[in-house]
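What the coordinates show
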Protein chains: 4
Amino acid sequence: MLRNSIRVLLQVEKNVHTRQNSNIAFIGLGQMGARMVNNLIKNGEKPKVYDVVPEAAKSLKGAIPCSSLEEVVDGSKIVITMLPNGKIVKDTILGEQGILKRVAKNSLVLDCSTIGPQVAQEVFNAAQESNVRFLDAPVSGGVVGAQAGTLCFMVGGAKKDCDEVEPILLHMGKKVLHCGKPGAGQITKLCNNLILGVTMIGTAEAMNLGVKLGIDPKLLTDVVNISTGRSWSSDTYNPVPGVMENVPSANNYEGGFSVELIAKDLGLAGDAALGINAPIPLAAMSHQLFRTMITYGLAKKDFSVIYKYLEGAKVQ
Amino acid sequence: MLRNSIRVLLQVEKNVHTRQNSNIAFIGLGQMGARMVNNLIKNGEKPKVYDVVPEAAKSLKGAIPCSSLEEVVDGSKIVITMLPNGKIVKDTILGEQGILKRVAKNSLVLDCSTIGPQVAQEVFNAAQESNVRFLDAPVSGGVVGAQAGTLCFMVGGAKKDCDEVEPILLHMGKKVLHCGKPGAGQITKLCNNLILGVTMIGTAEAMNLGVKLGIDPKLLTDVVNISTGRSWSSDTYNPVPGVMENVPSANNYEGGFSVELIAKDLGLAGDAALGINAPIPLAAMSHQLFRTMITYGLAKKDFSVIYKYLEGAKVQ
Amino acid sequence: MLRNSIRVLLQVEKNVHTRQNSNIAFIGLGQMGARMVNNLIKNGEKPKVYDVVPEAAKSLKGAIPCSSLEEVVDGSKIVITMLPNGKIVKDTILGEQGILKRVAKNSLVLDCSTIGPQVAQEVFNAAQESNVRFLDAPVSGGVVGAQAGTLCFMVGGAKKDCDEVEPILLHMGKKVLHCGKPGAGQITKLCNNLILGVTMIGTAEAMNLGVKLGIDPKLLTDVVNISTGRSWSSDTYNPVPGVMENVPSANNYEGGFSVELIAKDLGLAGDAALGINAPIPLAAMSHQLFRTMITYGLAKKDFSVIYKYLEGAKVQ
Amino acid sequence: MLRNSIRVLLQVEKNVHTRQNSNIAFIGLGQMGARMVNNLIKNGEKPKVYDVVPEAAKSLKGAIPCSSLEEVVDGSKIVITMLPNGKIVKDTILGEQGILKRVAKNSLVLDCSTIGPQVAQEVFNAAQESNVRFLDAPVSGGVVGAQAGTLCFMVGGAKKDCDEVEPILLHMGKKVLHCGKPGAGQITKLCNNLILGVTMIGTAEAMNLGVKLGIDPKLLTDVVNISTGRSWSSDTYNPVPGVMENVPSANNYEGGFSVELIAKDLGLAGDAALGINAPIPLAAMSHQLFRTMITYGLAKKDFSVIYKYLEGAKVQ
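Source: prediction; values computed, not measured. (Residues numbered from 1 in each chain as written. Chains lettered and ligands numbered in written order. Predicted model: local features only at pLDDT ≥ 70, side-chain atom pairs only at ≥ 80, totals over all residues. Heavy atoms only, no water.)

**So, the packing of aromatic side chains**
Residues and elements named next belong to chain A. Under the counting rule described, the total for this entry stands at 26 aromatic pairs over all chains. Relative to Phe303, the ring of Tyr237 has its centre 5.9 Å away and its plane inclined at 40 degrees; by these criteria the two rings are tilted. Separated by 66 residues along the polypeptide, Tyr237 in the loop between α12 (232-235) and α13 (259-276) and Phe303 in the loop between α14 (281-295) and α15 (306-311) bring together distant segments of the chain. Neither residue differs from the other here; Tyr237 and Phe303 are each classed as buried. The structure contains a cluster of three or more aromatic residues connected by ring pairs, namely Trp232, Tyr237, Phe257, Phe290 and Phe303. (Phe/Tyr/Trp six-rings, centres within 6.5 Å; stacked < 30°, edge-to-face > 60°. Helix = DSSP H or I, 4+ residues; strand = E, 2+ residues; numbered from the N terminus. Buried < 20%, exposed > 50% of the residue type's maximum accessible area, 1.4 Å probe, protein only.)

Pasting the structure below:
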């Protein structure tokens, strides 16, 4: 009884203390955001949090739920956003009721969404005009990395701003890479994911071909993994059911990195390539393949389901 | 002095011994074959050798040059072939003056050429009818691996035949992988190289995109190599000049694995896929890209020159 | 009256004459061959006919059924073949019991199958060595054209041989085009069908895009047909159900030119392109798309079913 | 002297008179716009004209040159725009000094630029809020059609607005097609040009393949044009030099429809497809090919230069 009382008292004090000092706002509490916030909390932060779905904020134990953009931003020195796409990022940061209208001068807004370099640069420019610092910091690692706190942040913007925020980012991830000027984080992420999408399809094509010609997929994987065909798609995230455990292909392609998300990233890469006339023939074709798969009802499956698609198999 | 004399005597005796007992014939002494023979010799073998170009056989110190197929095969228990394509393999093994007509019953013919599974199976069947054992054993590692004796042999055919010949293969390489039934070595190699061709192009697309958008290629490589875009093409054989040393991109794309050879392998993969209706969309597009590059005079360059091709740059 | 009587008499005499002298052999009585033979008969010929399925020959009223290659070829001056693929053509013409072994010197063998230029040239060379004349004469027009006698013959080989056989071909078709040297008929057909496959897919992509964006498909077709997007695929064989009558899209994609046949032709075009390093990027991608559709159970549907495939719709 | 005075007086009066009655404003006097204005004048109109390059307006005899957007729009009931891209259209119509700010209520703004459906709909909505009527009316026919007054207008928006403006459009073209709701003109044009880009490349692939295999290009064209491969690209705008006169391929690919414009349209088609997940695999690949050609210095050449690109030939 006494013990409980003490615990409650301590908790109250801690909350009061943190509330006074909390200067991190986190906006966007979906699959990724909620997990990232949980890791901030585990590492001693007490962020103010907000989502357009009010329940999302209230369900995060240890955070300070806010019911409006205005409330979450008020008094925060660091505002982190994790949102579905560039349009929502622009509405949230640049809109008439947006963050830039509310946040204190010289605050740091850090966006972890994947939105492409053009939008990131547009937001950076608007922030600069408002005397607000901005970093684009998209992540790799997906829901699994967000849960485990092992995300990799690819950061574009001022190096010193990146250095300043690095300790907080390391509460949620294991790597912070400064990639260059504003937008560079976005570019780096899209380049990586472009390779990822292409390589996964190439790997799936070869595995399907080999298996249909009678080669054991485990043996084929073993050979590829010590040969020039080796990649993350073959040695860490193999698309053939039965070759590896604890990957989406072992679990009917549930979880992981969805077809619609890789399609989104390849679309953003295509936009980025368009402006500078950089040919991306295989990425363009990969984009089309993933979009065709969406048409065939596979939007929510892990993108390694391309193996099943090439096989001509029904996936439920 | 005594020591030298003894060494010479031993050497003489060894040569005599080997000459009497030499039972390895090696046919096809091009870029690959000559280097493979040298490694056989270094490891104490004294193979009989033959090539349609007579000088090729005579220039190999330590081998027994022969001037005809008949001569090289005569008395050999193991016949190794390393030839440019399936047509020449068929002519050499199945032809009217071919190996099967000359070789002793129960001999072992091992073909290291890349010829596709259909031709390999055809040769296997013909060999079987002649009571000759046959293995398809294409290699990975290229000219560099042939020189260093670090090739990887992918073997299709009877496991016991593969085991029997393994010690000899390990004189020329570091790995012998039994992949399955006749043709399985070919299938495995083509599957690996299919992934290789696709992944290299995807990597080059992303690197060109990133560089044109202002990202440092070394930094981009570093990020990719610890991320999901990682592959042999990015971490071992990077296509961007200046990122790595001792790779073709550091040497104006000289040496290495030529555009025409990856195009050949993708063509064979396409043939293999055709028979069983396995879709290979990215491999087919990669095949077209490499073929277009041949049209643009890049046939002999290393295949990582795709980076320069996408860049729109002239390569001399 | 007199005139009519004379005409009848002449007709009778012609029939009698032809019957006695029938010197046409026709081999291969499938969907195409049987219809072609019927048109020969309608036009007064009395061909000897043979198929590996004996019933096929017996069911053709007005023809002389034969039960072996030997029998059908015996005494024939003109041998027409219409077979499924190059392998069967080679077996039938070049095989140990094949046509070249049986046919009289200076006879004319005319192959209407689609087999690619390499095989056609191979057969031509073998025929020449046997002092037999050979023409490759693949057709366009499909089953509908075979039925109606409106086929177009694309002929490779000696011009005078083409002229000689033209009257007979015009019994089965409406056009005979001499395209050049041996194999030229095959090349011409493959080039046409390459364009056809690509154009149909492009048309289907645009129609699906327009319809999904709310444009009426008939209106869109009308605009395209008076604009630069006009083609046979839009103005004669539109792939969208409801736009035209009497085309496969109006009949659940039954009949017409099957997915597996266009895939076969694109494969042959790919083989032909390979030898001379001609890039065919869209044809290669089209080939892959049609092959993927085969994997999805659409092999027997008309190739305009690509519209439904892109739509993501189930086709039964 | 007297003569000059009279001329000046007459000129003044004429200007006053026309200024009072002219109610067509034309904005954008580039390659297309200037020619369209000339046809308006030839047919009795006296439009007020404006371009950001002042000389462009002054050089058009019979038009009323204006030196600002404000001046050209003032008093006009119909405002026609012909501009390079969607961004400029938005700046010109929606900008702070833009047309919607200046034009009288119930005026009709008609945009002939190719800008994609999304931008067209955005502009339509803004116009509606300003009580201004808007039509998207992109054209086909190119510079040649603009010169000859044979353009085809594809119109999206209210049918009655389309009917009202049709007589004026027929001064500049020969066809006015009402395609549907706002944006429908854009969609229709992009669908047509998607087919055009794909079909031209397919035709060029086949022609290059056939020619390299020894077929005469005129003969091949003749066969295709009576067969299923027939299209505008083969029968009206053949890409092979020497087959037709008065087409860009007969004139070193000068004039016509440039590579960068078809690439632009395919990019807009890709954007339109993205929103609704319509797969456009061949259009995406065609887009990549044309963009690669831009990288190789062919941006300003007619798009049929794809034939030369596939051939591997240098084009100056």
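From this point, things continue past the structure.
**Topic: the relation of the copies chain C and chain D**
Mapping chain C onto chain D calls for a screw motion: a turn of 180 degrees about the axis and a shift of 0.0 Å along it, with 0.1 Å RMSD after fitting. Classification of the inter-copy transformation places it as that of a two-fold axis. Among all residues of chain C, the one whose C-alpha sits closest to the rotation axis is C:Ser231, at a distance of 1.9 Å. Take the interface residues of chain C: 100% of them recur as interface residues in chain D, which is what a same-surface contact looks like. (Least-squares fit on C-alpha atoms with pLDDT ≥ 70 in both. Contact = heavy atoms within 4.5 Å.)

**Side note on the UniProt feature "active site" (unreviewed entry) in chain A**
Residues and elements named next belong to chain A. The sites that carry the UniProt feature "active site" (unreviewed entry) are, in the present numbering, Lys189. Relative to the elements of secondary structure, Lys189 occurs in helix α10 (residues 184-212). You can call Lys189 buried: its relative accessible area is 9%. If we skip the residues at most four places from it in the chain, Lys189 touches Thr114, Pro138, Val139, Met154 and Asp265. (UniProt positions renumbered as here; feature names shortened; annotations may be inferred.)

**A look at the domain arrangement of chain A**
Residues and elements named next belong to chain A. With domains assigned, chain A is organised as domain 1 (2-181) and domain 2 (188-311). Each of domain 1 and domain 2 was reduced to a C-alpha centroid, and the two centroids are 31 Å apart. Each partner contributes to the interface: domain 1 provides 11 residues, whereas domain 2 provides eight residues. Interface area for domain 1 against domain 2, summed over the two sides, is near 770 Å², with a carbon-plus-sulfur share of 63%. At the surface where domain 1 touches domain 2, the tally comes to zero salt bridges. (Domains from an automatic or database assignment. Buried area = accessible area lost by both parts, 1.4 Å probe. Salt bridge = Lys/Arg side-chain N within 4 Å of Asp/Glu carboxyl O.)

**Re the interface of chain A and chain B**
For interface size, the figure often reported is the accessible area lost on association. Contact residues are listed per partner, giving 58 residues for chain A and 58 residues for chain B. Between chain A and chain B the total buried area reaches about 5000 Å² when both faces are included, carbon and sulfur atoms providing 73% of it. Linking chain A with chain B are two salt bridges, by the criterion used here. Linking B:Asp235 and A:Arg230 is a salt bridge whose minimum nitrogen-to-oxygen distance equals 3.0 Å. There are 16 residue pairs in polar contact (both at pLDDT 80 or more) connecting chain A and chain B. Of all the elements in the fold, those that place two or more residues in the side of chain A that touches chain B are β9 (173-180), α10, α11 (217-225), α12, α13 and α14 of chain A. A breakdown of the residues in the side of chain A that touches chain B according to their chemical character gives 34 nonpolar, 18 polar and six charged. (Polar contact = N/O pair within 3.5 Å; in protein donor to acceptor, adjacent residues only side chain to side chain. Nonpolar A, V, L, I, M, F, W, Y, C, P; charged D, E, K, R; others polar.)

**Some thoughts on the relation of the copies chain A and chain B**
If you rotate chain A by 180 degrees and push it 0.0 Å along the axis, it lands on chain B with an RMSD of 0.0 Å. In this assembly, 100% of the residues forming the interface of chain A have copies in chain B that are likewise at the interface, indicating an isologous arrangement.

**Topic: helix α11 (residues 217-225) of chain C**
Working note: α-helix, 3.6 residues per turn, so residues spaced by three or four point in the same direction. Within α11(C), the full set of buried residues consists of C:Pro217, C:Leu220, C:Thr221, C:Val223 and C:Val224. The buried residues of α11(C) all sit within an arc of 165 degrees when viewed along its axis, so they share a single face. In this fold, the buried residues of α11(C) make contact with α10 (184-212) and α12 (232-235) of chain C together with β8 (151-156), β9 (173-180) and α10 (184-212) of chain D. One side-chain oxygen of the residue at the start of α11(C) lies 3.1 Å from the amide nitrogen of C:Lys218, identifying that residue as C:Asp216. (Arc of directions from axis to C-beta.)

**Here's the deal with the pattern of salt bridges**
Enumeration over the complete set of coordinates arrives at 44 salt bridges over all chains. When the shortest N-O distance is used, the salt bridge between C:Lys160 and C:Asp161 registers 2.9 Å. Among the residues examined, C:Lys160 registers a relative accessible area of 56% and is labelled exposed. The buried category is assigned to C:Asp161, whose relative accessible area is 4%. When the shortest N-O distance is used, the salt bridge between D:Glu254 and D:Lys301 registers 2.7 Å. Placement of the pair is D:Glu254 in the loop between α12 (232-235) and α13 (259-276) and D:Lys301 in the loop between α14 (281-295) and α15 (306-311), with a sequence separation of 47 residues. Its relative accessible area of 40% is what places D:Glu254 among the partly exposed residues. Put simply, A:Arg133, A:Lys160, A:Asp161 and A:Glu164 are held in one network by salt bridges that share partners.

**Considerations on the packing of α13(A) against α14(A)**
All names here are of chain A. Taken N-terminus to C-terminus, the directions of α13 and α14 make an angle of 145 degrees; their axes are 9 Å apart at the nearest point. As α13 packs across α14, the resulting crossing turns out to be left-handed. Between α13 and α14, the contacting residues are Val259, Glu260, Ile262, Ala263, Leu266 and Gly267 on the first element and Ala283, Ser286, His287, Phe290, Arg291, Met293 and Ile294 on the second. Taken together, the residues of the contact of α13 with α14 sort by class into eight nonpolar, three polar and two charged. (Axes fitted to C-alpha atoms, helices over the stretch in contact; angles between N-to-C directions. Left-handed = near helix turned anticlockwise from the far one by under 90°.)

**Quick look at the side chain of A:Asn192**
When you line up the elements, A:Asn192 lands in helix α10. Among the residues examined, A:Asn192 registers a relative accessible area of 1% and is labelled buried. Among residues more than four places away in sequence, those in contact with A:Asn192 are B:Val224, B:Ser227, B:Thr228 and B:Gly229.

**Things to note about the interface of chain C and chain D**
Contacts between chain C and chain D engage 58 residues on the former and 58 residues on the latter. In this assembly, chain C and chain D are joined by 16 residue pairs in polar contact (both at pLDDT 80 or more). For the side of chain C that touches chain D, the secondary structure elements donating two or more residues are β9 (173-180), α10, α11, α12, α13 (259-276) and α14 (281-295) of chain C. Counting residues per element, the side of chain C that touches chain D draws most heavily on α10(C), at 20 residues.

**Considerations on the pairing of strand β1 (residues 24-27) of chain D**
Residues and elements named next belong to chain D. Residues Ile24 and Phe26 of β1 are buried on one face, and the alternating residues Ala25 and Ile27, pointing to the opposite face, are buried as well. Here β1 runs beside strand β4 (residues 78-81); their pairing, made up of four bridges, is parallel. Bridge assignment links Ala25 to a residue of β4, and that residue is Val79. Strand direction decides the pairing type here: β1 and strand β2 (residues 48-50), joined by three bridges, are parallel. In the sheet register, Phe26 faces β2, and the bridge partner there is Val49. Crossover β1 to β2 through helix α2 (residues 31-42) is right-handed. (Pairing = 2+ DSSP bridges. Right-handed = clockwise from strand over helix to strand, strands pointing away.)

**Considerations on the packing of helix α5 (residues 86-94) of chain C against helix α7 (residues 117-129) of chain C**
Residue and element names in this part refer to chain C. The interhelical angle for the contact between α5 and α7, taken along N-to-C directions, is 5 degrees, at an axis separation of 10 Å. With respect to α7, the element α5 is oriented roughly parallel. Only Val119, Glu122, Val123 and Ala126 of α7 make contact with α5, whose side of the interface consists of Gly86, Val89, Lys90, Ile93 and Leu94. Its residues assigned to classes, the contact of α5 with α7 comprises six nonpolar, one polar and two charged. (Parallel < 35°, antiparallel > 145°, perpendicular 65-115°, else oblique.)

**Some details on the environment of D:Gly270**
Take D:Gly270: it is sitting in helix α13. Here the alpha-carbon distance between D:Gly270 and D:Asp216, two residues 54 residues apart in the chain, equals 36 Å. The contacts of D:Gly270, once residues within four sequence positions are left out, are A:Arg291 and D:Ile280.

**Quick word on the side chain of A:Thr292**
The residue A:Thr292 is located in helix α14 in this model. Overall, A:Thr292 belongs to the buried group, its relative accessible area being 6%. Separated by 2.7 Å, the side chain of A:Thr292 and the backbone oxygen of A:Gln288 make a polar contact. The contacts of A:Thr292, once residues within four sequence positions are left out, are A:Tyr309, C:Tyr309 and D:Pro279.

**Some remarks on the pairing of strand β6 (residues 133-136) of chain D**
Within a regular strand, the side chains alternate between the two sheet faces. Residue and element names in this part refer to chain D. Neither face of β6 is exposed, since Arg133 and Leu135 on one face and Phe134 and Asp136 on the opposite face are all buried. Relative to β6, strand β5 (residues 108-111) runs parallel, the two being bridged by four bridges. Bridging from a neighbouring strand, Val109 pairs with Phe134 of β6. Remark: the β5/helix α7 (residues 117-129)/β6 crossover connection has right-handed handedness.

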